[in-house]
Amino acid sequence: MAQTRRIPPHAVDRPELRHQLDTGLAAPLTLLVAPAGAGKTVLLSQWVPTRPELAVAWLDVTSADDDSVHFARRIVHALGALDSRLSEIVPLGEPGGGLGAAMVEALGTALGHVSREVVVILDDLHNLTNRSTVEDLWALADRLPPNAHLVFSSRADLRLAWSRHRLQHGLVELRQAQLAFDERDTGAVLTKITGRPVDEITAVSVMRHTEGWAAGIQLAGLTLRFHADPEVLVDTLAETDRLIVDFLSQEVLDAQTPSRRRALLALSVLDEMSAGLVQALTDVTDGAALLRDLEQESMFVVPLPGRRDWYRFHHLFRDLLRYRLRATDAQAETRLRQAAADWYLAADDPASAIECFLRGRMWPVALDLIFQHGRAVWERGGFATIARWLSIVPREVRLARPGAEALYGILASMTGRAAEGEDIFRALLSDSRTGDGYRLVVSTYVAGVVQFRPHPEIYLADALSTIELLDAQPDTPIPDLLQLTDRDQLAALAAVSAGRAYLFMNQLEQSREWLERGLASMGGRYGLHRVHGLGSLALAEAWSGCLRAATEHADEALDLARELSLLSQPAPGDAYLARAFVAIQKGEPQSGAIALHEGSLRAAADQRNPLLWLAHLGSKLTDPLGTDPSAIQPTGTPPPIVRQSLLALSHRLARFDGEARPIEPQGEWSGLAFEEIAAALEGGDVRAARQRLADIPFHPDPRAPVPATEHRILEGWLHSLEGRGGRAREDLSVALDVAEPEWLVHPFLRAGPVVSHIIDAIPGLPNRFRRTIVQSSENVGRRRSGDLIEPLTSRELEILDYLPTRLTNAEVAARCYVSVNTIKTHMAHIYRKLEVPDRSAAITRAVELGLIETSDPYSLY
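Here is what the cut-offs are and how they apply
- The written sequence of each chain sets the order in which its residues are numbered from 1.
- Local features in a predicted model are, by the rule used here, given only for residues with pLDDT of at least 70; side-chain atom pairs are given and counted only at 80 or more, and totals for whole chains, interfaces and linings are based on all residues.
- Only hydrogens and water are removed before side-chain values are computed, so all heavy atoms of the structure are retained for them.
- Here a helix means four or more residues in a row that DSSP labels H or I, a strand means two or more in a row labelled E, and each is numbered from the N terminus.
- Throughout this description, buried means an accessible area under 20% of the type-specific maximum (1.4 Å probe, protein chains only), exposed means over 50%, and partly exposed covers the range between.
- We call two residues contacting when some pair of their heavy atoms lies within 4.5 Å.
- Nonpolar core, defined: a set of buried Ala, Val, Leu, Ile, Met, Phe, Trp, Tyr and Cys residues in which side-chain atoms within 4.5 Å join the residues together.
- Centres within 6.5 Å make a pair out of two Phe, Tyr or Trp rings, where for Trp the six-membered ring is used; the pair is then stacked when the planes are under 30 degrees apart, edge-to-face when over 60, and tilted otherwise.
- We count a charge as sitting over a ring when the NZ of a lysine or the CZ of an arginine lies within 6 Å of the ring centre and within 35 degrees of the ring normal.
- Each patch is built from residues lacking any salt bridge and having more than 30% relative accessible area; the joining distance is 9 Å for like charges and 5 Å for nonpolar side chains (Val, Leu, Ile, Met, Phe, Trp, Tyr).
- Note that accessible areas follow from Shrake-Rupley with a 1.4 Å probe, and for residues the cover is restricted to the protein chains shown.
- Salt bridge, as used here: a side-chain nitrogen of Lys or Arg that lies within 4 Å of a carboxyl oxygen of Asp or Glu.
- We treat Lys and Arg as the positive residues and Asp and Glu as the negative residues; His and chain ends play no part in the count.
- For the purpose of locating charges, the reference atoms are NZ of Lys, CZ of Arg, CG of Asp and CD of Glu.
- Cavities and pockets are defined on a 1 Å grid built over the protein atoms alone: a cavity is a set of grid points where a 1.4 Å probe fits but cannot escape, while a pocket is an open set with protein on both sides within 12 Å along at least five of seven lines, and lining residues are those with an atom within 4 Å of any such point.
- Grid points are joined across faces, edges and corners, and a volume is the space filled by probe spheres set on the points.
- The residue classification treats Ala, Val, Leu, Ile, Met, Phe, Trp, Tyr, Cys and Pro as nonpolar and Asp, Glu, Lys and Arg as charged. All others, Gly included, are polar.
- A pair of strands is labelled paired if DSSP reports no fewer than 2 bridges between them.
- Simply put, an axis is a line fit to the C-alpha atoms, just over the touching stretch for a helix, and the angle between two N-to-C directions goes from 0 to 180 degrees.
- The predictor attaches a confidence to each residue, and that confidence, scored 0 to 100, is pLDDT.

(A) Representation of the overall build of the protein chain. Counting its regular elements, the protein chain contains 44 helices and seven strands. Projected onto its principal axes, the C-alpha coordinates of the protein chain cover approximately 115 × 70 × 45 Å. Residues classed as buried in the protein chain amount to 57% of the 861 residues present. In the protein chain, the share of contacts with a sequence separation of at least 24, taken over all contacts with a separation of at least 6, comes to 68%.

Given below as structure tokens:
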């Protein structure tokens, strides 16, 4: 099945060009670049029906597709019409950014599972000004499976990756020189449009004066239709100094009846037309008949694919009509857009009405509709659309409308432009005209910037100040901004922001306190806030070593996100990363590789810099080969919790290599303090280690097993070096008792092999936890590779561990909170790298290579 469009009545077949499009299917991408009216769309319309074996998705790109979330949904909808499995693609899109790496990966993965050859045509791609989305489309071309192909049709060159694709993939390009009509084709078009034979002299003259430009030839044909003497037209063409398009369009318009001409000018304000809109904007009583007649008469009217009885003007002709309308009646465009908006409102399409008012620069009524209908758009994930609408409204107009500038700041922050959002918030707070209610709203959301920007101490102060203000002003009315700003929600957001700030500052006890307070409040019950808060709390618990609680909170957040259709959105990024750090703390970093990847993608989706740094740290511990995108170091300043951990990791690796470096004395207990004392013990400086253990304040917290375990490990190590073996074994036994309920292995691995040997020497039959620590210590720094030519990635190794189980792909996907297609893709990569045909053979081969220990599923549980 293919998504096609009707071929214009005047079109002539061009087999040579169709053959070039056929040739292009051997490469991932075909490029059509030529000016408006060159015949790009007509050629593609003629080509598609000649290849019935292809599954073709056709998208007309508009300026609305700069909203990447909207564009992603359109792509998935178009692909889903070809194959129901493609409708399962999660349309991510990065609010304020591009499609995003996750969307690109999902598209490439899903297309590879379709049995047919798939072609995606993106027509009018020049309308896409979102550079990030354009870059992602080039990236998609690189990731396409052999059965998939892209066609880019544009007025302008998309040179971001053009030369590389030309060299790597044999890019097929059709440009104006190839699309230009010759004398024969020109004569055929003129004959079809005029309905009578056109002599060779006329055809050659038209071809030369239009330089084979399809739209010019079409205009000439329409002019000839209404012209009694073709020779007079040819002579006029030769003598006129006016642009050919200006001259011919004037001739065409003048040949219409006055009522038809008025209708064409009125309809030029529309980007899309239906019978109802025609009748609303003109005195035409049968809008459907007019649209059909215009199409049949080759009057530059194009039916919209996939939208029955909807049309648009050819862009060039529409622009010419608009210029004519503005020249004849400067006020008409505003009246007509008002009429179109009224029609859309009556048809229950407020989003299109808002677009009409914005294009007509009718700011007050546009803002009224945004506030009236924005919540429904928000709930469909369209906050980037609302942000785009507000960005079109001049700033002075937003400032004059209470709440408009505040709402724009909120949306800017949520769509990857946190710096702009913060600037808006700070300006409003410094403006004496900002009322108390709006100050409470703005203060809350400026504190929320902590999840996007460095220096959490700044936003902690904002959060605590906001909480005090909310408590001190219980009767201050709170303005309603899309139902995002009631008092309960503000209180919850401020508490969660304080908890996040404390988390990034590595003050975990305070972080848990504030996060729990926010989640326990009335506002903490709101789904989106709850997903965020639970994920952050899970991170704090994972860092503290409460791994059971961390897993419970993370899974609750992800289950809720799945229930609310938020799993593909940025909100669950914290929860995914918490699952990854739970795996790291358990000494099983590769079992969190998928969660790390998914969390990193969601943090990148809305540019949450602190989370990107957390993901980067996780990648250092999980993926030493750097095969995951999160291994790339983020820009900016890392939060203290990451900065300290990266520094401790650097010193630990040097210590393991026998090159321990001095560490600046720490004033409080942390992972870096642990490393400072471990370095002294590694170097045999027992006295210094003893002194630092005594000097650094340590306050045991029953809800923080990590520091308690670390402290006991160091004491046991110290007693061992002092020759007090019994006391050393006693200390390490206590450390094991503290850590085992949470299966907290990582602190022992950070200590190194000396501690592992002491544990191994503890009398008595070792239990599973002790054996795990000893075995894991022996494997620190090693990676399961199986001597493969192309090693498995961390994510593939995680999936590999599921193979001996009886879990289906769907069940594995559910456990990992990813799509089934993602699991299928990893499975396909595993089979290819192991050179096996199926799951059973993969298990056997993996055991042979030592990539998994057993093929017995029951031994894994």
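Let's pick the thread back up.
(B) Focus on the nonpolar core. By size, the foremost hydrophobic cluster in this structure holds 180 residues, and its most contacted members are Ile386, Leu614, Leu714, Phe748 and Ile759. Broken down by element, this core gets its largest block of residues, ten residues, from helix α26 (residues 487–504). When near neighbours in sequence (up to four residues on either side) are disregarded, Ile759 contacts Leu732, Leu736, Phe748, Arg770, Ile773 and Val774. Judged by nonpolar contacts, the second largest core, of 38 residues, contains Leu86, Val120, Leu137 and Leu144.

(C) Geometry of the packing of aromatic side chains. On inspection of all chains with the given rule, the structure shows nine aromatic pairs. Centroid distance Trp138 to Phe152: 5.6 Å. Interplanar angle 85 degrees. Geometry classified as edge-to-face. Residue Trp138 is found in helix α5 (residues 131–143), and its partner Phe152 is found in strand β4 (residues 148–154); the two are separated by 14 residues along the sequence. Each member of the pair Trp138 and Phe152 is classed as buried. Between Trp378 and Phe383, the aromatic rings sit 5.4 Å apart at their centres with planes inclined by 50 degrees, giving tilted as the arrangement. Taken as a pair, Trp378 and Phe383 share a single burial class, namely buried. One cation-aromatic arrangement involves Arg14 over Phe181; the distance from NZ or CZ to the ring centre is 4.0 Å.

(D) Local environment of the side chain of His746. Within the secondary structure, His746 is located in helix α38 (residues 746–751). Of the residues examined, His746 reaches a relative accessible area of 13% and is grouped as buried. Each residue touching His746, except ones within four places of it in the same chain, is listed here: Ile584, Gln585, Gly587, Leu621 and Arg652.

(E) Geometry of a negative patch on the surface. Judged by side-chain charge, Glu16, Asp182, Glu183, Asp199, Glu200 and Glu231 come together as a negatively charged surface patch. You can see Asp199 is positioned in the loop between α8 (183–194) and α9 (200–210).

(F) Just empty space enclosed by the protein, in detail. Applying the stated criterion across every chain yields a total of four cavities of 30 Å³ or more. Together, 38 residues line the largest cavity, and Pro8, Gly39, Val42, Gln218 and His314 are the ones closest to its centre. Secondary-structure elements contributing two or more residues to the lining of the largest cavity are α2 (40–47), α10 (214–225) and β6 (301–303). The element that contributes the greatest number of residues to the lining of the largest cavity is α2, accounting for six residues. Partitioned by chemical class, the residues of the lining of the largest cavity number 19 nonpolar, ten polar and nine charged.

(G) Spotlight on the sheet that holds strand β1 (residues 29–33). The strand order across the open sheet formed by five strands is β2-β3-β4-β1-β5, and the pairing between neighbours is parallel. The open sheet has two edge strands with one neighbour each: β2 (55–60) and β5 (172–175). Within the sheet, the average angular offset between the axes of one strand and its neighbour, ignoring direction, is 15 degrees. In this sheet, strand β3 (residues 118–123) lies alongside β2 in parallel orientation, the contact comprising six bridges. Counted as the bridge partner of Trp58 is Ile121 from β3.

(H) The arrangement of the confidence of the model for the protein chain in detail. Confidence in the prediction for the protein chain averages 88 pLDDT; 91% of positions are at 70 or higher. Contacts from residues 856–861, a stretch scored under 50 in pLDDT, to residues over four places away or in other chains number eleven contacts.

(I) Structural view of the environment of Asp760. Residue position: Asp760 is located in helix α39 (residues 753–760). Here the alpha-carbon distance between Asp760 and Val774, two residues 14 residues apart in the chain, equals 6.6 Å. What Asp760 contacts, discounting residues up to four positions off in sequence, is Arg770 and Val774.

(J) Up close: the environment of Arg175. Assignment of secondary structure puts Arg175 in strand β5. The class of Arg175 is partly exposed, set by a relative accessible area of 23%. Once the C-alpha coordinates of Arg175 and Arg155 are considered, the two residues, 20 residues apart in sequence, prove to be 9.6 Å apart.

(K) Quick peek at the side chain of Arg652. Within the secondary structure, Arg652 is located in helix α33 (residues 640–656). Although Arg652 is buried, it forms no salt bridge, and the closest oppositely charged side chain is Glu675 at an N-O distance of 4.3 Å. With sequence-adjacent residues up to four places away left out, Arg652 is seen in contact with Leu621, Glu675, His746 and Arg750.

(L) View of the pattern of salt bridges. Applying the stated criterion across every chain yields a total of 54 salt bridges. Measuring nitrogen to oxygen at the nearest pair gives 2.7 Å for the salt bridge that ties Asp555 to Arg579. Of this pair, Asp555 sits in helix α29 (residues 547–563) while Arg579 sits in helix α30 (residues 573–585); the two residues are 24 residues apart in sequence, bridging distant segments of the chain. Through salt bridges with shared partners, one network takes in Asp271, Arg318, Asp319, Arg322 and Arg359.

(M) Inspection of unusual backbone geometry at higher detail. Despite not being glycine, Asn506 shows a phi value in the positive range, around 65 degrees. Checked against the element boundaries, Asn506 lands in the loop between α26 and α27 (508–520). Even without being a glycine, Trp743 presents a positive backbone phi close to 55 degrees. Along the chain, Trp743 turns up in the loop between α37 (725–739) and α38. Assessed through its relative accessible area of 17%, Trp743 is described here as buried.

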